[in-house]
Amino acid sequence: MSTTNNIENNYDVIIVGSGAGAMTSAIFAADQGNSVLVVEKSDKYGGTSAISGGGIWIPNNDEFRALGGNDSYETALTYIKAASEGSVEESRIRAYLDNAPKMIRELQANSRVKFAVAEKYPDYYQHLEGSLPGGRSMDPELFDTTELGDEMDHQQPASGNTLLMGRMAWTARQAHKAVAKDRGWMLMIIGLMLRYKLDFKQRKKGRRDRRAGLGGSLVASLRQSLCDRNIPLWRNTEFTDFVITDDKVTGIKVLREGQELTLNARHGVVMGSGGFEQNQRLREKYLPAPSQQSWSATPKGCNTGAALEAGQKLGAATALLDWCWWAPTLNVPKETSARGLFAERAFPGAIVVDGLGKRFFNEAAPYLEFGDAMYRNHQKTGNSIPSWVVFDSHFRHEYAMGPLMPGKIMPDSRVPKTWPESVYWKADTLDGLSKLINIDAAGLAETVTKMNRYAKTGIDEEFQRGGNVFDRYYGDSSVKPNPCLAPIKKGPFYAMKINPGDIGTKGGLLTNDFAQVVRSSGDPIEGLYAIGNTSASVMGTSYPGAGATLGPAMTFGYIAANHITANRATTAK
C-alpha cells in the first residue's frame, strides 16, 4: 500500500473517534481557531454515545441552580471522593468539577446541543455524604434531525430499548414518568404516539422518528454543530498508530478506503475512540474471568483498544484496566450487541437469582455495582454467571424486561419464534421452571417465599431493595408499601438469562488534569490527549450518577481543546 501525505493532511488538531466527548472537543477546538479533523473507524458516527441514554452528570450546574437547587463544588467533591475511595487522584476530580459546569454552559450557548436538568434523577449512592436526590444529571432535549438530512443515515442507530415501543423518540424524563406510572403518564404516551403517527411526511420516508432522543439526540445535535462549522468527519478511517517527531506526538497513521495515510497534527491529537470491550484478546488479558465480547452492549466492531495498545508502546501509564462500566446484559437472536438491563431490575415482582436459586444483591442497585456483584458472588459460589431474572405472569403482563414488552402490548403469541428458550424460558410452576433452566428448585422456592413476605411488609430484610430514593426512581408508584417489591405467585413463570456485561471498559490511558496522557513518571507525552473510555475514568471504580461516563468525556474533551489552544499561543510567543 502506498503512503499519501499532502497539504490536505495537515491540521492543527486531529480527533480520533466520534462519540460525544470527541465531537465536543472538536467543536471547542474549532471555535478557538484551530483547523480540526475528526476520524471514525466505523461506517457510522456516534459510537456508544449514540445508543446510550445521553445523560451527563454535571455537579453544580447552572440549570439546577436556576430551579432553586442546592448544590456546591465542595459537596460534590466530598461525594466523588467518598464514592471513588481513593482510586483516582483528587486533582483530576477537581479539574472535572472546575470545568464541567463551564463546558455545558458554553456548549449550549454556542451549539445545537440542549439539555434540561433531571430534577428527580438521584445520585446512585444515596448512603454517601454529599449525594443529592436529584439535579446533577442532565437529559438531552429532543432534536429535530431534519437539517441533518441524509447525514442522519450515517449515525449509529439508537438501541431499541432507548425508544418508545422500539420506534419513537422520548426524553429520559418522559421514560421515567411512564415507567413509574406518574400522574398523566398514559396521556403522555398517547401524545408521543400521535406525534409520531401523524408525521405523514416522515412516515413516507420510513420508520425512523424525525426527532432523536437520549443519546441519539446528543450525537445528532453535536453532528449538526460540526456541520455548521464545516468540520470534516471521516468515517471508515481506522487509526493504526501515532506519528512521533522529537518525542512528541505530531499526527496519526490511518487506513482509509484501503490506503495508508499519514495525518499531521500541528498542535495535538485527542484520542476519544473508546475502550477495548470489543477485543476478546484484551478482555481475557485484563478483565475478570469469565469475560465475553458478546456480553457487551456497545456497538460491534467499535472500541477495540487500538489507542490503548498504541499508547502503551509509547510508554503511557494505564489504570483501572480490570474494570468495566458493568451492566447485566442478555442476548437477543439477530441482534449484534447485547441488551443492558437498567431500569427493569427495579420493577416490582422480578428477582435475580444464581444457580442455587438464591438472590445475592439488591436488584434495583446501580448497574455497575450489580455487574460487580455478579463477579464477586461467582468467585464465592461459582453459580452466578449466568444469573437468572425470574418473574410471574402478572409481571409479564404489566412490565417490560429487556426486549420483552409488557404482555398487554406484546403477548407471548406475538413474540418472535426464536425467543422461547433463547431469550426467555417459561413453565407453569416454579419447580418446572427450575428444571428447565437447571437451577436449584428448593433454593428458588425458598427465595420466592421470602420475597413474597417482603412484598407484604415493604421491607427487603436481605438487601434493602427499595430502601432509598435511587431504588425507588424506577419503581412503580402505584405499588404499596414498596414500589420495588411485589409478590411472585401467579403462573406461568418466566426466566431470562443474564451475564455480567458492560457499556464499555473503565480503564485506559492515564491522564493528568489537562487530559494529557502521562508516562508512569507522571510526565506528559507531548501532543497526546485521551478522553472518555480511552482514558482511565476520573470516577475511579465508582459510578456516582447517571451520565458519569459522558459528562467527564465531554468535559475533558473541553479541557483538552483549551489546553491545546493555550499551548499553541505559548509556542507562538
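Our subject is the structure listed above.
Residues numbered from 1 in each chain as written. Predicted model: local features only at pLDDT ≥ 70, side-chain atom pairs only at ≥ 80, totals over all residues. Heavy atoms only, no water.

### As for the overall build of the protein
Looking only at helices and strands, the protein features 17 helices and 22 strands. For the protein, with 573 residues in total, the buried portion stands at 58%. Contacts spanning at least 24 positions in sequence make up 73% of the contacts within the protein whose residues lie at least 6 apart. Surface summary for the protein: the accessible area is close to 22500 Å², and the carbon and sulfur share equals 50%. Charge centroids of the protein, computed over 65 positive and 61 negative side chains, lie 6 Å from each other. (Helix = DSSP H or I, 4+ residues; strand = E, 2+ residues; numbered from the N terminus. Buried < 20%, exposed > 50% of the residue type's maximum accessible area, 1.4 Å probe, protein only. Contact = heavy atoms within 4.5 Å. Areas by Shrake-Rupley, 256 points an atom, 1.4 Å probe, with all protein chains shown as cover. Lys, Arg positive; Asp, Glu negative; His and termini not counted. Charge placed at Lys NZ, Arg CZ, Asp CG, Glu CD.)

### What to know about a nonpolar patch on the surface
Side chains of Met186, Leu187, Ile190, Leu194, Leu198 and Phe200 sit close together on the surface and give an oily, nonpolar patch of about 630 Å² of accessible area. By residue number, the principal contributor to the nonpolar patch is helix α7 (residues 185–197), which donates four residues. With respect to the helices and strands, leucine 198 occurs in the loop between α7 and α8 (200–205). For leucine 198, a relative accessible area of 52% puts it in the exposed group. (Patch = residues over 30% accessible without salt bridge, like charges linked within 9 Å, V, L, I, M, F, W, Y side chains within 5 Å. Salt bridge = Lys/Arg side-chain N within 4 Å of Asp/Glu carboxyl O.)

### Re the layout of surface pockets
Roughly 520 Å³ of internal volume is contained in the second largest pocket. In this structure, the second largest pocket is lined by 25 residues; those nearest its centre are Tyr125, His127, Phe361, Pro366 and Glu369. Secondary structure elements with two or more residues in the lining of the second largest pocket: α4 (73–84), α12 (367–381) and α16 (469–473). Of the residues in the lining of the second largest pocket, the class split is twelve nonpolar, eight polar and five charged. (1 Å grid on protein atoms, 1.4 Å probe; cavity = no way out; pocket = protein on both sides within 12 Å on 5 of 7 lines; lining within 4 Å. Points joined across faces, edges and corners; volume = space filled by probe spheres on them. Nonpolar A, V, L, I, M, F, W, Y, C, P; charged D, E, K, R; others polar.)

### As for the sheet that holds strand β5 (residues 115–117)
Through backbone hydrogen bonds, the strands of a sheet pair up, either in parallel or in antiparallel fashion. Strand order in the open sheet formed by three strands is β4-β6-β5, with antiparallel pairing between adjacent strands. Every interior strand has two partners, whereas the edge strands, β4 (56–57) and β5, have only one. Sheet topology note: the β5/strand β6 (residues 137–140) ladder contains three bridges and is antiparallel. Bridge pairing in β6 places alanine 116 opposite aspartate 139. (Pairing = 2+ DSSP bridges.)

### Some remarks on the packing of aromatic side chains
All chains considered together, the criterion is met by 24 aromatic pairs. Feature note: the residues Tyr124, Trp325, Phe342, Tyr367, Phe470 and Tyr543 constitute an aromatic cluster, connected by ring pairs. Sitting over the ring of tryptophan 234, arginine 256 keeps its end group 3.9 Å from the ring centre. (Phe/Tyr/Trp six-rings, centres within 6.5 Å; stacked < 30°, edge-to-face > 60°. Lys NZ or Arg CZ within 6 Å of the ring centre and 35° of its normal.)

### Here we look at the side chain of glutamate 363
The residue glutamate 363 is located in the loop between β16 (350–353) and α12 in this model. Setting aside residues up to four positions removed in sequence, glutamate 363 forms contacts with Arg345, Ile351, Val352, Phe370 and Arg465.

### A few points about empty space enclosed by the protein
Once rolled over the atoms, a probe with the size of a water molecule shows which space is left empty. By the definition in use, this model includes three cavities of 30 Å³ or more. When its volume is computed, the largest cavity comes out at roughly 130 Å³. Residue lining of the largest cavity: 17 residues in total, with Gly532, Ser535, Ser537, Val538 and Pro552 positioned closest to the centre. Looking at the lining of the largest cavity, the element that brings in the most residues is helix α17 (residues 550–572), giving three residues. When grouped by side-chain class, the residues that make up the lining of the largest cavity number ten nonpolar, six polar and one charged.

### Regarding the pairing of strand β10 (residues 237–245)
Both β10 and strand β11 (residues 248–256) contribute to a ladder of eight bridges, which runs antiparallel. Residue pairing for β11: valine 243 is matched across the bridge by glycine 251. Counting the residues between successive antiparallel strands, the hairpin from β10 to β11 contains two residues, one of them, aspartate 246, with a positive phi of roughly 50 degrees.

### Examining α4
Look at α4: 16 Å from first C-alpha to last across twelve residues, which is about the 16 Å you get at 1.5 Å a residue. Listed as buried for α4 are Tyr73, Ala76, Leu77, Tyr79, Ile80, Ala83 and Ser84. Buried residues in α4, looked at end-on, bunch into an arc of 165 degrees, giving them a common side. On its buried face, α4 is in contact with β4 and α5 (90–110). (Expected span 1.5 Å × (residues − 1). Arc of directions from axis to C-beta.)

### Observations concerning the pattern of salt bridges
Counting across every chain of the model gives 36 salt bridges. In this structure, arginine 105 engages aspartate 62 in a salt bridge whose closest nitrogen and oxygen atoms are separated by 2.6 Å. Here the residue arginine 105 occupies a position in helix α5, and aspartate 62 occupies one in helix α3 (residues 62–66), the gap between them amounting to 43 residues. Residue classification places arginine 105 among the partly exposed residues on the basis of a relative accessible area of 40%. Here aspartate 62 falls in the partly exposed class, since its relative accessible area comes to 24%. The partner of aspartate 123 in a salt bridge is arginine 136, and the shortest N-O contact between them spans 2.7 Å.

### Describing the side chain of threonine 250
With respect to the helices and strands, threonine 250 occurs in strand β11. Of note is the side chain of threonine 250, whose polar atom sits 2.9 Å from the side chain of threonine 245. Not counting the four nearest positions on each side in its chain, threonine 250 is found in contact with Val243, Ile244, Thr245, Leu263, Asn264 and Ala265. (Polar contact = N/O pair within 3.5 Å; in protein donor to acceptor, adjacent residues only side chain to side chain.)

### Observations concerning the packing of helix α1 (residues 20–31) against helix α9 (residues 214–228)
Direction vectors running N to C along α1 and α9 enclose 25 degrees, while the axes themselves pass 10 Å from each other. As far as their axial angle goes, α9 and α1 are roughly parallel. At the point where α1 passes α9, the crossing takes the left-handed sense. For the pair α1 and α9, contact is made by Ala20, Met23, Thr24, Ala26 and Ile27 and by Leu218, Val219, Leu222, Arg223, Ser225 and Leu226, respectively. When grouped by side-chain class, the residues that make up the contact of α1 with α9 number eight nonpolar, two polar and one charged. (Axes fitted to C-alpha atoms, helices over the stretch in contact; angles between N-to-C directions. Parallel < 35°, antiparallel > 145°, perpendicular 65-115°, else oblique. Left-handed = near helix turned anticlockwise from the far one by under 90°.)

Interpretation note: all reported values are geometric properties and have no functional meaning in isolation.
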